[in-house]
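# A structural walkthrough
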2 protein chains.
Amino acid sequence: MNIAVLGTGIVGKTIATKLVAIGHSVRMGARMADNPKAVAWAASAGANASQGTFADAAAFGEMVFLCLLGAGTLEALELAEEDNLNDKIIVDITNPLDFSKADFSRGIGPTLFISGGSDSLGEQVQRRIPGAHVVKALNTVTANVMVNPAMIPGQHDLLICGNNAEAKSQVSGWLREWFGWESIVDIGDITGARATEGGMLLWLKLWGTLGTPNFNLRVVR
Amino acid sequence: MNIAVLGTGIVGKTIATKLVAIGHSVRMGARMADNPKAVAWAASAGANASQGTFADAAAFGEMVFLCLLGAGTLEALELAEEDNLNDKIIVDITNPLDFSKADFSRGIGPTLFISGGSDSLGEQVQRRIPGAHVVKALNTVTANVMVNPAMIPGQHDLLICGNNAEAKSQVSGWLREWFGWESIVDIGDITGARATEGGMLLWLKLWGTLGTPNFNLRVVR
């Protein structure tokens, strides 16, 4: 499949590399077509890897992974152009993290620039591209776990949400087939992003406590 | 032990009833000494159960459970009087839930009146009574699970935090001995309350998804 990965950070590179490795054609999108990180990735990842602007990548992809910094997400969608995204499934991995007051040397992590349970970045993405089918997923685990959940032993759960049941079913199938996710919990419409993005504070604190980002949560009942 | 339970709702009654059942003397505190719910509880819970004002209860308890509505927590501490709380361990079970726009019939849950990761109700409680040792705990599970974690099969974790290591150790021992908590994860100082209170949004969404509040999370790594 032709897949767009918007974003050149660790999440984007990890997702894009995994997708190429299992046979997909991936175009990594960035603000500038000659983004050095995207160029370097495309040069190293083989014949099925390419890079371009956000719009180039969005036009290329039959589906789209949003792997952007929270603060840059809506502007990147603007640059990707609505027409290139309409009717496509967007897997939104973003989180509304505000790093402006973070100081990791003092143990102070990022805060959330959307919080409290009355809105979410996932909803903002869906509102910005109403013709796309946004599925919020993977934003609750670290990049390596996203594409290799089996690195965490035993059962643990991935929470997904979105307004379109068919899109969620399609994404669940992809996450299982491409990355190996065995336990996917559908928490409802895109307002569920308020919960999973809000859960970032818990995730960040557990990272600090455990000393590793290689963990996930299991819902036990 | 003489124990204060501040609050007359489901959490207060569940905690207080369990404590009396295992041999403690419990005074339930409310705004008014003749609070009907507290009077009814004390009348039904046996000779070791009593009730009074927040100040009566706080003075009585060698330690204190805060089982208050988030919005009323700081005022209740004011009424309980700082002198009655100094040097005592306060187990803070509150969450900053704002029910003003909730409409359960339409699937709309409460929001958080403190959120985003720069403050928490737990910190506000600690700042209000600096001489007390506040341990945030139990606010991440439903009342029945608080006092009977074994009703959820298998391993699942209780997250606690607070500034005083000795107080956390003491509380961990009590939670194990009194309620049966076997896996307690210390996530650090009281700023951890930002994470566990923020996790309420996730908890509420999972409640809606699972159709039962009888669940908990396990940290898997």
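The coordinates are above.
## What about the overall build of chain A?
- The helix and strand tally for chain A stands at nine helices and eleven strands.
- Taken over C-alpha atoms, the radius of gyration comes to 16 Å for chain A, in line with the 17 Å a tight globule of 221 residues would show.
- Each principal axis of the C-alpha distribution contributes one length, and for chain A these read about 40 × 40 × 35 Å.
- Here chain A, with 221 residues, has 51% of them falling under the buried criterion.
- The contacts of chain A with a sequence gap of at least 6 include a subset with a gap of at least 24, amounting to 73%.

## Observations concerning the pairing of strand β3 (residues 49-53) of chain A
Residues and elements named next belong to chain A.
- The element β3 is extensively covered by neighbouring structure, given that four of its five residues are classed as buried.
- Of the pairings in the sheet, the one linking strand β2 (residues 25-30) to β3 comprises five bridges and is parallel in character. Its bridge partner being in β3, Val26 is matched across the sheet by Ala49.

## Looking at the packing of helix α4 (residues 73-80) of chain B against helix α5 (residues 121-128) of chain B
Residue and element names in this part refer to chain B.
- Relative orientation of the contacting elements α4 and α5 amounts to 20 degrees, with a least axis distance of 10 Å. Classed by the angle they form, the pair α4 and α5 counts as roughly parallel. Read as a crossing pair, α4 and α5 show a hand that is right-handed. Contacts between α4 and α5 involve Thr73, Leu74 and Leu77 from the first element and Leu121, Gln124, Val125 and Arg128 from the second.
- Grouping the amino acids of the contact of α4 with α5 by side-chain chemistry returns four nonpolar, two polar and one charged.

## Focus: the interface of chain A and chain B
- With 34 residues of chain A at the interface, the matching set in chain B holds 34 residues.
- Those elements giving two or more residues to the side of chain A that touches chain B turn out to be β7 (111-112), α8 (193-198), α9 (200-210) and β11 (216-220) of chain A.
- Tallying contributions element by element places α9 of chain A first for the side of chain A that touches chain B, with seven residues.
- Here the residues of the side of chain A that touches chain B are counted per class, giving 13 nonpolar, 17 polar and four charged.
- The sheet contact formed by β11 of chain A and strand β11 (residues 216-220) of chain B spans five bridges and is antiparallel. Residue pairing across strands places Leu217 of chain A opposite Val219 of chain B, the latter belonging to β11 of chain B.

## Topic: the sheet that holds strand β8 (residues 133-136) of chain A
Residues and elements named next belong to chain A.
- Judged by pairing direction, the sheet is mixed, and its eight strands sit side by side in the order β3-β2-β1-β4-β5-β8-β9-β10 without closing on themselves. Two strands lie at the open edges of the sheet, namely β3 and β10 (184-186), each paired on one side alone. On average, adjacent strands in this sheet sit at an angle of 25 degrees to one another, irrespective of strand direction.
- In the packing of helix α5 (residues 121-128) onto the sheet, the strands contacted are β4 (63-66), β5 (89-92) and β8, and the crossing angle to β8 comes to about 170 degrees.

## So, the relation of the copies chain A and chain B
- Taken as rigid bodies, chain A and chain B are interconverted by a rotation of 180 degrees and an axial shift of 0.0 Å, the fit giving an RMSD of 0.0 Å. These values place the two chain copies in the arrangement generated by a two-fold rotation axis.
- Same-surface contact between copies: 100% of interface residues of chain A are shared with the interface of chain B.

## Describing the sheet that holds strand β2 (residues 25-30) of chain B
All names here are of chain B.
- Read from one edge of the open sheet, eight strands run β3-β2-β1-β4-β5-β8-β9-β10, paired in mixed fashion. Here the strands that pair on one side only, and so sit at the sheet edges, are β3 (49-53) and β10 (184-186). Within this sheet the neighbouring strands show an average axis-to-axis angle of 25 degrees, counted without direction.
- By the bridge criterion, two bridges tie strand β8 (residues 133-136) to strand β9 (residues 158-162) in an arrangement that is antiparallel.

## Some points on the nonpolar core
- Within the largest apolar cluster, 136 residues are counted, with the highest numbers of intra-cluster contacts made by Val5, Leu6 and Phe65 of chain A together with Val5, Leu6 and Phe65 of chain B.
- When neighbours within four sequence positions are excluded, Leu6 of chain B is seen to be in contact with Gly29, Phe54, Ala57, Val64, Phe65, Leu66, Cys67, Leu68, Ala76 and Ala80 of chain B.

## Topic: the environment of Leu121 of chain A
- Relative to the helices and strands, Leu121 of chain A resides in helix α5.
- With sequence-adjacent residues up to four places away left out, Leu121 of chain A is seen in contact with Gly70, Thr73, Thr94, Asn95, Pro96, Ile114, Ala193 and Glu197 of chain A.

## Re helix α2 (residues 36-44) of chain B
All names here are of chain B.
- Taken together, the buried positions of α2 are occupied by Ala38, Trp41 and Ala42. Here the buried residues of α2 occupy an arc of 95 degrees about the axis, which is enough to place them on one side. Facing away from the buried side of α2, by more than 90 degrees, are the exposed residues Pro36, Ala43 and Ser44.
- Taken together, the buried residues of α2 touch α1 (10-21), β2 and β3.
- Following α2 by one or two positions, Gly46 has its phi on the positive side, about 100 degrees.

## Considering the environment of Leu74 of chain B
- Turning to its location among the elements, Leu74 of chain B is positioned in helix α4.
- As a C-alpha pair, Leu74 of chain B and Leu121 of chain B span 47 residues in sequence and 8.8 Å in three-dimensional space.

## As for helix α1 (residues 10-21) of chain A
- For α1 of chain A, which comprises twelve residues, the first-to-last C-alpha distance of 16 Å matches the rise-based estimate of 16 Å (1.5 Å per residue) to within 8%.
- Residue Gly23 of chain A follows α1 of chain A closely and has a positive phi angle near 105 degrees.

Definitions and cut-offs
- Residues numbered from 1 in each chain as written.
- Chains lettered and ligands numbered in written order.
- Predicted model: local features only at pLDDT ≥ 70, side-chain atom pairs only at ≥ 80, totals over all residues.
- Helix = DSSP H or I, 4+ residues; strand = E, 2+ residues; numbered from the N terminus.
- Rg over C-alpha atoms; globule rule 2.2 N^0.38 Å.
- Buried ≥ 20, exposed ≤ 12 C-beta atoms within 10 Å, placed from the backbone.
- Contact = placed C-beta atoms within 7 Å.
- Pairing = 2+ DSSP bridges.
- Axes fitted to C-alpha atoms, helices over the stretch in contact; angles between N-to-C directions.
- Parallel < 35°, antiparallel > 145°, perpendicular 65-115°, else oblique.
- Left-handed = near helix turned anticlockwise from the far one by under 90°.
- Nonpolar A, V, L, I, M, F, W, Y, C, P; charged D, E, K, R; others polar.
- Least-squares fit on C-alpha atoms with pLDDT ≥ 70 in both.
- Core = buried A, V, L, I, M, F, W, Y, C linked by C-beta atoms within 7 Å.
- Arc of directions from axis to C-beta.
- Expected span 1.5 Å × (residues − 1).

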